[in-house]
Amino acid sequence: MLFGRNKKNPIKIADKGIVEWKYTTCGYCSTGCSIEVGLNAEGKAISSRGAAGADVNRGKLCVKGIFEHELFTTEGRGTEPLYREKYIDEYKPVSWDTALDTMAEKIKAVQEKYGRDSFAIISTGQILTEEFYTLGKLTRGAIGTNNYDGNTTLCMASAVSGYKRSFGSDGPPGCYEDFEDTDCLIAFGSNLPEQHPIIYWRLKEAMEKRKFPLIVVDPRVTMLAQFADMHLPITPGTDLVLLNSLAHVILDEGLADDDYINAHTNGFEEFKALVKEYDPVSASKICGIDEDTIRNVARLYAKAGKAMSIWTMGINQSTHGSDGVVAINNLNLITGNIGKPGGTSLSITGQCNAMGTREWSSCSGLPGYRYLENPEDRKEIAGFWGIDEEFFPKKRGLFQTDIFPAIETGQIKGLWLVASNPMSSLPNSERIRKTLEKLDFFVVQDAYSDVESAQYAHMYLPAAIWAEKDGCFTNTERRVNRITNIQQPYANSKPDLWIFNQLAKRFDHYKTMSFPDTAEEVFEEMKTLSKGKDRTLDISGMSYQMIEKQRGIQWPCREGDETGAQRLYTDGKFQTKDGTANLIALPFIDNNERPDNEFPFWLNTGRVVEHFHTRTRTGKMGNCNKYSPTPYMEMNPDAAADLGIEHQAYVRVVSKRSDAVVMVQLTQRIPYNMVFIPFHFHDCANRLTLGLLDPYSRQPAFKQNAVRIEKIDQKEAAQRNLESRSF
Ligand SMILES: Nc1nc2c(c(=O)[nH]1)N[C@H]1C(S)=C(S)[C@@H](COP(=O)(O)OP(=O)(O)OC[C@H]3O[C@@H](n4cnc5c(=O)[nH]c(N)nc54)[C@H](O)[C@@H]3O)O[C@H]1N2
Ligand SMILES: Nc1nc2c(c(=O)[nH]1)N[C@H]1C(S)=C(S)[C@@H](COP(=O)(O)OP(=O)(O)OC[C@H]3O[C@@H](n4cnc5c(=O)[nH]c(N)nc54)[C@H](O)[C@@H]3O)O[C@H]1N2
Ligand code: SF4
Ligand SMILES: [Mo]
């Protein structure tokens, strides 16, 4: 027996019978991990693994990526196009031809009756870049509506707007490699271990090789905060005050990089005068970070030599989102930390292809970071596409978050939604529900037919998903990577590119325009448009073969280049008229919803590692959903004790908008006067949110709301939860 116990049995790894591994890129977050999907002898996807030799993830994947092959067979996928005259009728399956004929007719009818802009189009950050470009061409060139935007207004709009205001153009200037060089890193409202696990791993690995201070600014003790050297539990929505105060200390103590400021920026005097008002003592009263800490962080950052900032939704989703981004850029400009290894302002992007839409979708203008407001850009693109430039509007139309109120007021009558689920993802769900009910014609194009927004639509178009298609994504560090067609589209679903092309045929301008059939042909067209020595977004040196071989290439990659450039603005030249970056004075205006006697808690919302957004995908994957199948809320144990609420009890959370029932999870992660609800669950967090908009980016303040907590009957609540989709 004794002998037997000591004997080690060899570990047996089940042989799944994989005969081939195929290359692709993960379709969840913007980290951009390279994946290989294993196929069995029947060609069925049965396994996923991180691609070795890929610079981004170096063989690793997170819990979502590692099960991504299961996506192809998840429940709820759309099988056929569906149509109904009224949204309260039953849907009936129709052929693709009938669906697209009807759709084109209805769009034209709405536009004829109410004007071209009365039909709105809302897209996403989750289709392929070639699809974005084609949808932009169809919308701007053939359908001709100016009310066209993406869900990226909920996500990256503040970063885009902030980059444009500071540097004259969008485009994150840094890369993951910067972790290897930096001597100090501040993370603002970004929880990498859960939301970008592989970027976190890159950061952690860099810190293990060479210790440097990590400072996390977040009202919650997130996983990243737990791992930080300093955690600054900021009062929600006041990052701008902290940033102005950091600049105050740096200028006051003579720690700024005067040479860089003189050579590469403008606006310094006005900026200096403004931040003078933000001394640490006054600032600490607003942002909740004590004056000593403000001084210490300012000194650490300015003296580091190479310091970088990263941020995500804690900054962008605020009434000062765009200002917050500009303030981060200000901090890096005055310390000379732009465009050098380890010194940068790196916005961590959200969706897998949020960058692709920024670059090529024409949502905010014309493709390749061109502007409707610029006559030369309008002329160039009209000529290239084969239409009259007068067909283009002269300035951009409504943002995504302004399109819904325009439906309410009757200015917009028709809507086409591509890969977005506003019934769960927009603030104030009840208001959105009523808004969608008002539409004369509403089409939902989604990979899943059970997506909540489709309940209010007249037409549903089943789209192929991720590696059922072919094309590219761009990640956080401007790396273009390949998504290859690994499985055939599910049932009678079709790639979004095919749907756009077929619809285009039904519009008059199709006769003079061209809509290539394959993604690669579209990519070649985009390459032509990207060429130019002054363009940062130059992809003309790339090809599909090169991209796959190198496991992704960063832009700019100019014609003849062997690979891409890691950083932007290395020469201190920016995309502004005179080439200098704008230092901008940013006064803080306190305009958020705030807790009061009736609604005493801050409601903070965000994400958890195992779920992606509105759970159309991860809610159906056993290996993700099992970790949190129930809508829940983080609450501070002392606050709960004061209200007599126990761990795992159901409670009702009430805001001025509506209410939601959640299970309580007690944790010290969250301060006494705050609760946190992951927004992934339908009919939950966004029933409560207000979402005041940032004036520049029109992005909602999803994370600053006021609520109260009420005790409820436990049996009734459990029953209600059982009946909802969330189990
Ligand atoms: N697992 C998973 N990963 C994802 C996604 C997902 O759904 N699931 N979605 C992807 C997308 S689209 C995005 S945009 C990213 C989002 O990635 P993150 O922004 O990292 O995620 P969030 O949880 O939304 O918010 C981050 C933090 O902001 C903090 N915060 C709230 N208010 C403030 C404030 O006023 N100031 C500061 N400094 N911080 C504040 C919150 O406490 C929270 O911890 O994640 C991407 N990755
Ligand atoms: N309270 C609160 N609300 C938030 C946030 C928050 O932090 N708090 N975060 C906001 C942010 S940052 C974001 S990005 C949004 C996300 O909001 P949404 O984009 O509305 O949410 P998703 O669930 O990602 O919706 C994407 C849809 O596209 C479908 N889909 C996936 N791939 C494809 C494809 O290839 N083709 C087609 N046609 N369809 C496809 C999916 O099934 C899904 O229904 O949520 C925002 N809402
Ligand atoms: S970190 Fe993001 S890109 Fe990488 S496997 Fe996870 S979800 Fe996919
Ligand atoms: Mo996002």
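Criteria and thresholds
- Residues numbered from 1 in each chain as written.
- Chains lettered and ligands numbered in written order.
- Predicted model: local features only at pLDDT ≥ 70, side-chain atom pairs only at ≥ 80, totals over all residues.
- Heavy atoms only, no water.
- 1 Å grid on protein atoms, 1.4 Å probe; cavity = no way out; pocket = protein on both sides within 12 Å on 5 of 7 lines; lining within 4 Å.
- Points joined across faces, edges and corners; volume = space filled by probe spheres on them.
- Nonpolar A, V, L, I, M, F, W, Y, C, P; charged D, E, K, R; others polar.
- Domains from an automatic or database assignment.
- Helix = DSSP H or I, 4+ residues; strand = E, 2+ residues; numbered from the N terminus.
- Pairing = 2+ DSSP bridges.
- Axes fitted to C-alpha atoms, helices over the stretch in contact; angles between N-to-C directions.
- Near = heavy atom within 4 Å.
- Contact = heavy atoms within 4.5 Å.
- Polar contact = N/O pair within 3.5 Å; in protein donor to acceptor, adjacent residues only side chain to side chain.
- Buried < 20%, exposed > 50% of the residue type's maximum accessible area, 1.4 Å probe, protein only.
- Salt bridge = Lys/Arg side-chain N within 4 Å of Asp/Glu carboxyl O.
- Areas by Shrake-Rupley, 256 points an atom, 1.4 Å probe, with all protein chains shown as cover.
- Sits in = over half its atoms within 2 Å of the grid points.

A. How the structure looks around empty space enclosed by the protein. Counted under the stated rule, the structure contains six cavities of 30 Å³ or more. Lining the largest cavity are 40 residues, with Q126, N151, Q351, A419 and H613 positioned closest to its centre. Partitioned by chemical class, the residues of the lining of the largest cavity number 18 nonpolar, 15 polar and seven charged. Looking at the lining of the largest cavity, you find at least three residues from each of domain 2 (85–155 + 353–523) and domain 4 (601–725). Contributing to the lining of the second largest cavity are 36 residues, with G189, Q195, M313, R607 and K703 lying nearest its centre. Among the secondary structure elements, those contributing two or more residues to the lining of the second largest cavity are α5 (192–195), α13 (313–316) and β21 (601–606). Counting contributing residues, the lining of the second largest cavity receives three or more from each of domain 3 (164–347) and domain 4 (601–725).

B. Structural detail: the sheet that holds strand β1 (residues 18–25). If you walk across this open sheet you meet the three strands as β1-β2-β3, and the pairing is antiparallel. Single-partner strands in this sheet number two, and they are β1 and β3 (45–50). The mean angle between the axes of side-by-side strands here comes to 30°, regardless of whether they run parallel or antiparallel. One ladder, built from five bridges, connects strand β2 (residues 34–40) with β3; its direction is antiparallel.

C. Main features of the site of ligand 3. Neighbouring ligand 3 are the residues C26, Y28, C29, T31, G32, C33, L61, C62, K64, G65, P197 and I198. Broken down by class, the residue content of the shell around ligand 3 amounts to eight nonpolar, three polar and one charged.

D. Region of the structure containing the environment of H264. Positionally, H264 belongs in helix α9 (residues 258–264). Sequence separation of H264 and S658 is 394 residues, and the distance between their C-alpha atoms is 49 Å. In contact with H264, other than residues within four places in its own chain, are D571, G572, F574, T580 and A581. Of note is the side chain of H264, whose polar atom sits 3.1 Å from the backbone oxygen of G572.

E. Layout of unusual backbone geometry. Looking along the chain, the bond that leaves W555 and enters P556 is cis, with omega of 5°. Summarising the element assignment, P556 is placed in the loop between β19 (553–554) and β20 (581–582). Of note in this structure, A419 is not a glycine but carries a positive phi near 55°. Tracing the chain through its elements places A419 in the loop between β14 (414–418) and α18 (422–425). Under the relative-accessibility criterion, A419 is labelled partly exposed at 21%.

F. Examining the pattern of salt bridges more closely. On inspection of all chains with the given rule, the structure shows 46 salt bridges. The salt bridge involving E634 is made with R220; its shortest N-O contact spans 3.2 Å. With a gap of 414 residues between them, E634 in strand β22 (residues 632–635) and R220 in the loop between β9 (214–217) and α7 (223–226) connect regions that are remote in the sequence. Of the two residues, E634 and R220, both sit in the buried class. Connected through salt bridges with shared partners, the residues D55, R58, E177, R202, E477 and R479 form a single ionic network.

G. Geometry of the side chain of Q195. Here Q195 is to be found in helix α5. Residue Q195 is classed as buried on the basis of its relative accessible area of 16%. Q195 has contacts with C29, R607, V608 and V609, leaving out every residue within four places of it along the chain.

H. Representation of the environment of V297 within the structure. The topology assignment puts V297 in helix α12 (residues 291–303). On the basis of relative accessibility, which here comes to 1%, the residue V297 falls in the buried class. Separated by 71 residues in sequence, V297 and G368 place their C-alpha atoms 38 Å apart. In this view, V297 contacts I186, I215, M230, L232 and L246; residues no more than four positions away in its chain are not counted.

I. Region of the structure containing the site of ligand 1. Around ligand 1 lies a shell of 34 residues, among which D218, G237, D239, R607 and H611 are the nearest. Take R220: an N or O atom from its side chain is 2.9 Å from an oxygen atom of ligand 1. Taking R607, its side chain carries an N or O atom lying 2.7 Å from an oxygen atom of ligand 1. Relative to its free-state accessible area of 920 Å², ligand 1 is covered by the protein chains to the extent of 100%. Because more than half of its atoms lie within 2 Å of the grid, ligand 1 is assigned to the second largest cavity.

J. Inspection of the sheet that holds strand β4 (residues 82–83) at higher detail. Reading across the sheet, the seven strands line up as β5-β4-β16-β15-β14-β6-β7 and stay open at both edges, with mixed pairing between neighbours. Two strands in the sheet have a free side with no partner beyond their single neighbour: β5 (92–93) and β7 (148–150).

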